[in-house]
Amino acid sequence: MSDHTGIREQRQPGGSTRKSKAPAKTVFPMKAGAPIALPELPYAMDALAPTISRETMGYHYGKHHKSYVDKLNGLIAKTPYAEMTLEKIIEATARDAAKIAIFNNAAQAWNHWFFWLSMSPNGGGKPGGRLARKIEEDFGDFESFANELKQAAVGQFGSGWAWVVLDKGKLKVTKTANADTPIAHGMTPLLAVDVWEHAYYLDFQNRRADYVDAVIEHLLDWEFAQQNMPA
Ligand code: FE
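Just so it is clear, the model here is predicted, and its values are computed rather than measured.

**Quick word on the environment of K88**
Here comes step 1: Among the structural elements, K88 can be located in helix 2 (residues 86-93).
Here comes step 2: With 96 residues separating them in the primary sequence, K88 and A184 have C-alpha atoms 9.9 Å apart.

As structure tokens, this is what we get:
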């Protein structure tokens, strides 16, 4: 089935939509070389509803994310960046004011893909295993950690991102403005929450705090976060 954005619904054999079972997620880094692809979502367009509706996904993934990828491909065509992975392009342009357009589009392409992977239709709840132990060690308990993540997401002034990262081995919550990304600052991202208005305005209007609560409560994929922790 195609919706108005032209994005095809992912269907499993037998015709059911992939709503209940979490499929395996693509592991970084992405393949090097232009054109940089818009990766296929690991779940159906309506799988994150009602927190993130099919309509929001249509615009956010189908228009916004796609537009960053398309603009990046236009900017890097026939340049040395066309031979690099997305991560390398970000690293190579992060501190070069003349390359800000390439950086912005590359970082947004990366941030969005990481954000889609940071959520699952079976997400939410609390993490277990190594991540749970790390949260206890660095935040005391899950509630304090989740509260700090919420404050970062709600407190980011204007467009940007809230992140769970490892910074020199310490678990931290941080935020970045606009396209900025922890991978340009030597940190290891574990999870991302997009707090640009385009991420929530159709579903929550101006209520960013309600959107963030719902993402933390129902969608964050703690298994993906743990998978991003170095062994
Ligand atoms: Fe976004």
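**Points about the coordination of the iron ion**
Here comes step 1: Protein-derived ligands of the iron ion are H60 (NE2), H112 (NE2), D194 (OD) and H198 (NE2), with the metal-ligand distances lying across 1.9 to 2.1 Å.
Here comes step 2: Around the iron ion, the four donor atoms sit at angles spanning 87 to 130 degrees, and that spread fits a shape best called tetrahedral.
Here comes step 3: All donor residues of the iron ion come from one chain, and their arrangement in sequence is H-x51-H-x81-D-x3-H. Taken as a pair, H60 in helix 1 (residues 54-76) and H112 in helix 3 (residues 100-117) lie far apart in primary sequence, 52 residues in all.
Here comes step 4: According to the relative accessible area criterion, H112 is buried, its value standing at 0%.

**Comments concerning the pairing of strand 1 (residues 160-167)**
Here comes step 1: Counting buried positions over the eight residues of strand 1 gives eight, a clear majority of the element.
Here comes step 2: Of the two faces of strand 1, the one carrying G160, A162, V164 and L166 and the one carrying W161, W163, V165 and D167 are both buried.
Here comes step 3: Relative to strand 2 (residues 170-177), strand 1 runs antiparallel, the two being bridged by eight bridges. By the bridge assignment, V164 is partnered in strand 2 with V173.
Here comes step 4: The hairpin turn running from strand 1 into strand 2, its antiparallel successor, is two residues long, and K168 in that turn takes a positive phi close to 50 degrees.

Cut-offs used in this document
- Residues numbered from 1 in each chain as written.
- Predicted model: local features only at pLDDT ≥ 70, side-chain atom pairs only at ≥ 80, totals over all residues.
- Heavy atoms only, no water.
- Helix = DSSP H or I, 4+ residues; strand = E, 2+ residues; numbered from the N terminus.
- Donors = N, O, S within 2.8 Å, 3.2 Å for Na, K, Ca; no water.
- Tetrahedral: all angles 85-135°; square planar, octahedral: opposite > 155°, others 65-115°.
- Buried < 20%, exposed > 50% of the residue type's maximum accessible area, 1.4 Å probe, protein only.
- Pairing = 2+ DSSP bridges.

So yeah, pure geometry; function would need other evidence.
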